[in-house]
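Coordinates in review
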Amino acid sequence: MTDRRSLELWARAQEVIPGGVNSPVRAMAAVGQNPPFIKSGRGAYIEDVDGNRYLDYVGSWGPLILGHAHPEVVKAVQRAAEKGTSFGAPTEAEVLFAEKLVKLVPSLEMVRLVSSGTEATMSALRLARGYTGRDLIVKFDGCYHGHSDGLLVSAGSGLATLGLPACPGVPEAIAGATLSLPYNDLESLASAFASHDGQIAAVIVEPVAGNMGVVEPKPGFLAGLRQLCDQHGALLIFDEVITGFRVALGGAQERFGVLPDLTTLGKIVGGGLPLAAYGGRREIMQRVAPCGPVYQAGTLSGNPLATAAGLMVLELLQAPRVYETLEESSARLYDGLGQILAAKGLPHCGQRVGAMFTYFFTAGPVTDYASAKTSDTALFARFHRGMLKRGIYLAPSQFEATLVCLAHGPQEIDAALAAAEETVKEF
Ligand SMILES: *Cc1c(COP(=O)(O)O)cnc(C)c1O
């Protein structure tokens, strides 16, 4: 699939960039592909440097819920750029943006803007520790919360895709302050609280897991986390970097009706520019400097281009029927793919929440990281290559989500289903 210009750039990239990429899964190694180099995107489509066109179901790994180069977002960024790209001083757009987040996401009373999801989760943990005066953090196996030291413990997609168990360079003292437990398992959390009484600062969770492939919270799991955290004086952090503005306008906390103490947001909120946020209850957020003693800063935080893009995206997402449309397109693609895999008799087990889903190539059920890992990744790789050959660009890993966006109309859904039919014929 990879043509001359992409192959040439790929060779040059590997000379000057580790592995040729600036984020590991882009290398497509897990599906035995050389990555096409992308030149442009519009709506649901991207084009590579050799002129091949693909129907994109990655959407820059989540941010592009409106599709590529949405004209209103492009205009907003252009208008902002003409007035200056960064001031390192307060701007009106930051206030408008923060007010909008507080209005739309149920648990937010105050937010701090940062530049990446990694920075948001890292800062939320520091705040949780500063607020509670405790050191331990609980996360769940297969959940990814960015690449900060304390969160690279059993961290899902990227590491799983590359088959890496743990990360050299993370001191044991830091990894040791993170307890990683099975997702969807309240009993193991209850025993962790029992054996580390008064030491756990926070429990951080992807309220719908997206980074081991999509795994839904079992009924009662999120409410159970809330209850255990309250009972033991720990903060509950929802990492909504992927679910925020995707599974509902107010994120997973709105969809499932469970409110965390702190929330991290990224991806969609920045409209494809580097912007993320963490926020929560006023009393906790007031511990952040300069209001309180927990230090966190950023030269480009609240950047004018990023807040302009983000504001426009959030405005457009408030239009009528946006989330109904996403739900319908996503269901149509998910159901259609399920029928195709079933008709061919392939082992599969799917999970979908709103505009994110995964088919695991295993009989399942998949409820956590251990069961997700029973998937046949070689079969997934064949499926991925077959789809790419037919112009359908999927996330190059079994442990990722297919992300449906508003640019995927009936024609795009049908094209993906037709390609899947043809692909499984070869199996
Ligand atoms: C992508 C992601 C992150 C990391 O965000 P970056 O902007 O890549 O640093 C954190 N948490 C979750 C749930 C994510 O999906």
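Quick caveat, the model's predicted, so the values are computed rather than measured.

Regarding the site of the ligand
- Residues in contact with the ligand, as listed here, are Ser116, Gly117, Thr118, Tyr144, His145, Gly146, Glu206, Asn211, Asp239, Val241, Ile242 and Lys267.
- One of the side-chain N or O atoms of Thr118 is found 2.7 Å from an oxygen atom in the ligand.
- Burial of the ligand by the surrounding chains reaches 83%, relative to a free accessible area of 380 Å².
- For the shell around the ligand, the residue count by class is three nonpolar, six polar and three charged.

Overview of the domain arrangement of the protein chain
- You can read the domains of the protein chain as domain 1 (4–57 + 321–424) and domain 2 (71–316).
- Summarising the inter-unit geometry, the C-alpha centres of domain 1 and domain 2 are found 25 Å apart.
- Across the boundary between the two partners, domain 1 contributes 28 residues, which contact 31 residues of domain 2.
- The largest share of the area that domain 1 buries against domain 2 comes from Tyr323, Val353 and Tyr369, three residues that together contribute 30% of it.
- There are one salt bridge connecting domain 1 and domain 2.
- Note that Arg255 is salt-bridged to Glu327, the shortest N-O span being 3.2 Å.
- Linking domain 1 with domain 2 are eight residue pairs in polar contact (both at pLDDT 80 or more).
- Those elements that provide at least two residues to the side of domain 1 that touches domain 2 are helix H12 (322–343), strand E11 (349–353), strand E12 (356–360) and helix H13 (369–372).

What about the packing of aromatic side chains?
- Counted by the stated rule, this structure contains ten aromatic pairs.
- Centre to centre, the rings of Tyr54 and Tyr393 are 5.9 Å apart; their planes meet at 55°, and the pair counts as tilted. Pair noted here: Tyr54 is in strand E3 (residues 53–56) and Tyr393 is in strand E13 (residues 392–393), with a separation of 339 residues, a long-range link.
- Note on Tyr54: relative accessible area 0%, which makes it buried.

Side note on the pattern of salt bridges
- Under the definition given, this model contains 15 salt bridges.
- Two residues, Arg281 and Asp261, come together in a salt bridge whose shortest N-O distance is 2.5 Å. With Arg281 in the loop between strand E10 (276–280) and helix H10 (282–285) and Asp261 in the loop between helix H9 (251–256) and strand E9 (262–265), this residue pair connects regions lying 20 residues apart in the sequence.
- Here Arg281 falls in the partly exposed class, since its relative accessible area comes to 28%.
- Given a relative accessible area of 4%, Asp261 falls into the buried group.
- In the salt-bridge network here, residues are joined through shared partners; they are Arg226, Asp230, Asp261, Arg281 and Glu283.

Observations regarding the packing of H12 against helix H15 (residues 410–425)
- Here H12 crosses H15 at 15°, and the two axes come no closer than 10 Å. In terms of orientation, H12 lies roughly parallel with respect to H15. Judged by the sense of rotation from one axis to the other, the crossing of H12 with H15 is right-handed. Counting all contacts with H12, which are made through Ser329, Arg332, Leu333, Gly336, Leu337, Ile340 and Leu341, the residues of H15 involved are Pro410, Ile413, Asp414, Ala416, Leu417, Ala420, Glu421 and Val424.
- Among the residues forming the contact of H12 with H15, the class breakdown is ten nonpolar, two polar and three charged.

Reading the values: rules and limits
- Residues numbered from 1 in each chain as written.
- Predicted model: local features only at pLDDT ≥ 70, side-chain atom pairs only at ≥ 80, totals over all residues.
- Heavy atoms only, no water.
- Near = heavy atom within 4 Å.
- Polar contact = N/O pair within 3.5 Å; in protein donor to acceptor, adjacent residues only side chain to side chain.
- Areas by Shrake-Rupley, 256 points an atom, 1.4 Å probe, with all protein chains shown as cover.
- Nonpolar A, V, L, I, M, F, W, Y, C, P; charged D, E, K, R; others polar.
- Domains from an automatic or database assignment.
- Contact = heavy atoms within 4.5 Å.
- Buried area = accessible area lost by both parts, 1.4 Å probe.
- Salt bridge = Lys/Arg side-chain N within 4 Å of Asp/Glu carboxyl O.
- Helix = DSSP H or I, 4+ residues; strand = E, 2+ residues; numbered from the N terminus.
- Phe/Tyr/Trp six-rings, centres within 6.5 Å; stacked < 30°, edge-to-face > 60°.
- Buried < 20%, exposed > 50% of the residue type's maximum accessible area, 1.4 Å probe, protein only.
- Axes fitted to C-alpha atoms, helices over the stretch in contact; angles between N-to-C directions.
- Parallel < 35°, antiparallel > 145°, perpendicular 65-115°, else oblique.
- Left-handed = near helix turned anticlockwise from the far one by under 90°.

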